[in-house]
Amino acid sequence: MYDYLIVGSGLYGATFAYMARQQGMKCLVIDRREQAGGNVACRRMEGIDVHLYGPHIFHTGDEQVWRLVTSLVTMNRFTLCTIANYRGRLYNLPFNMHTFHQMWGVVTPDEARRKIEAQRGRYAGITPRNLEEQALQMVGSDIYETLIRGYTEKQWGRPCHELPPFIIRRLPLRFTYDNNYFNDRYQGVPEGGYNRLISRLLEGVECRLECDYLADRHYWDSQAHTIVYTGPIDEYFGYRLGRLEYRSLRFEHEVLPMQSWQGNAIVNYTDRETPFTRIVEHKHFDIHNREVQELQHTVITREYPQAYVPGQEPYYPVNDERNNSLYHRYEELAQAEPHTIFGGRLATYRYMNMDEVMASAIRQFRLITLQET
Ligand code: UDP
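Everything in this summary refers to the structure shown in the same document.

Criteria and cut-off values
Residues numbered from 1 in each chain as written. Predicted model: local features only at pLDDT ≥ 70, side-chain atom pairs only at ≥ 80, totals over all residues. Heavy atoms only, no water. Buried < 20%, exposed > 50% of the residue type's maximum accessible area, 1.4 Å probe, protein only. Helix = DSSP H or I, 4+ residues; strand = E, 2+ residues; numbered from the N terminus. Pairing = 2+ DSSP bridges. Axes fitted to C-alpha atoms, helices over the stretch in contact; angles between N-to-C directions. Near = heavy atom within 4 Å. Areas by Shrake-Rupley, 256 points an atom, 1.4 Å probe, with all protein chains shown as cover. Nonpolar A, V, L, I, M, F, W, Y, C, P; charged D, E, K, R; others polar.

Attention shifts here to the pairing of strand β14 (residues 298–307). With respect to burial, β14 is a largely interior element, eight of its 10 residues being buried. Inspection of the sheet shows strand β11 (residues 246–256) paired to β14 by 10 bridges, in the antiparallel sense. In the sheet register, glutamate 252 faces β14, and the bridge partner there is arginine 302. Note that strand β13 (residues 278–281) and β14 share four bridges and pair antiparallel. In the strand pairing of β14, arginine 278 is matched with glutamate 303.

Structure (structure tokens):
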């Protein structure tokens, strides 16, 4: 018997297992994939660490999460400065003085504020009901049309006025010349890649891959007192209340015979017509690794958003009203499950960053151990 059976070896499951092992508890982690790590998993291709499920940049303001991560791996000083390519013209992201200068030729923060103010129009004082209103209020119509609308509608497969406003509030807006994509105090990518972080979290923990919990629930339930489930919540309950919507992605990796292809880790294609949203050039994450930097080839990945159909990977929860209220009904069922804890992006149907996922696993573990004592 194990203390915990952890279903899913992504960041939530791996962090939970780490916490439990620190307390001398016995965990079994299972995952249906052939590799541990969930969506932070990487694969070495031609000597370059490739983020298999989309680019991951660790950033946090949470001291305890940063302390934990840096006690396990060395974080490099990668700082994300995304570039947007709109029909061949380049703009810096997130929205900052470089962007405003490129868009309007303005030079000072005052000029930029005045320009945005003039474009906000009737959205200035309202409470935004959707992403379109939120974007127009934040940055005005030029930036909305050039850098937000096309990208967002490709990414989410629906018009901006049908999407929740919080999605665009993830992006900083600043009136300084600072291209850092995040506001958090700490940021970086693990030296040696995310697989190293996952294997450090799972050190000393039994882990079985290519095992499907839902395919043989009775057997797996008999293995532990408590189950920690990190898969899609609707699937756990056999979709009995209906299906939650997710957004899926398709990744196209390519090896190219040149030292660097785009000169930056991420370039977003913000027009409507280009079928992919972004191109990731992975070697730029590994900034201090001379050997990788000097390779005369590079690996890029084009990221194509696509509709989610069962059998594909669910990446993003679509947190509109219909899905949220369906999720809350599933959540009620989950609360009535006596021996199962639900955690992570898929089981709590929330668009979380990596640090939030780790923090919630730490919190949940402490909460249940407190309840048990
Ligand atoms: N977004 C945008 N233009 C961009 C980048 C992002 O409009 O060039 C919007 C888009 O709606 C996206 C959201 O901002 O879903 C959040 O972007 P982020 O980069 O945080 O997305 P992630 O990397 O998590 O997919």
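Having seen the model, we can carry on.
Okay, the sheet that holds strand β2 (residues 27–31) next. With parallel pairing, five strands are arranged side by side in an open sheet as β9-β2-β1-β10-β16. Taken across any chain shown, the strands that pair with only one partner, and hence form the sheet edges, are β9 (206–209) and β16 (340–342). Each strand of the sheet is rotated relative to its neighbour by a mean of 20°, with strand direction disregarded. Pairing of strand β10 (residues 224–229) with β16, which is carried by three bridges, proceeds in the parallel orientation. Within β16, the residue paired with valine 228 across the bridge is isoleucine 341.

As a further point, take the site of the ligand. Taken together, 17 residues surround the ligand, and among them Leu147, Thr152, Tyr181, Tyr316 and Tyr351 come closest. When isolated, the ligand has an accessible area of 520 Å², and the protein chains bury 93% of it. Among the elements of the structure, α5 (131–156) and α6 (166–169) are those that each provide at least two residues to the shell around the ligand. The element that contributes the greatest number of residues to the shell around the ligand is α5, accounting for six residues. Classifying every residue of the shell around the ligand by side-chain character gives 11 nonpolar, four polar and two charged.

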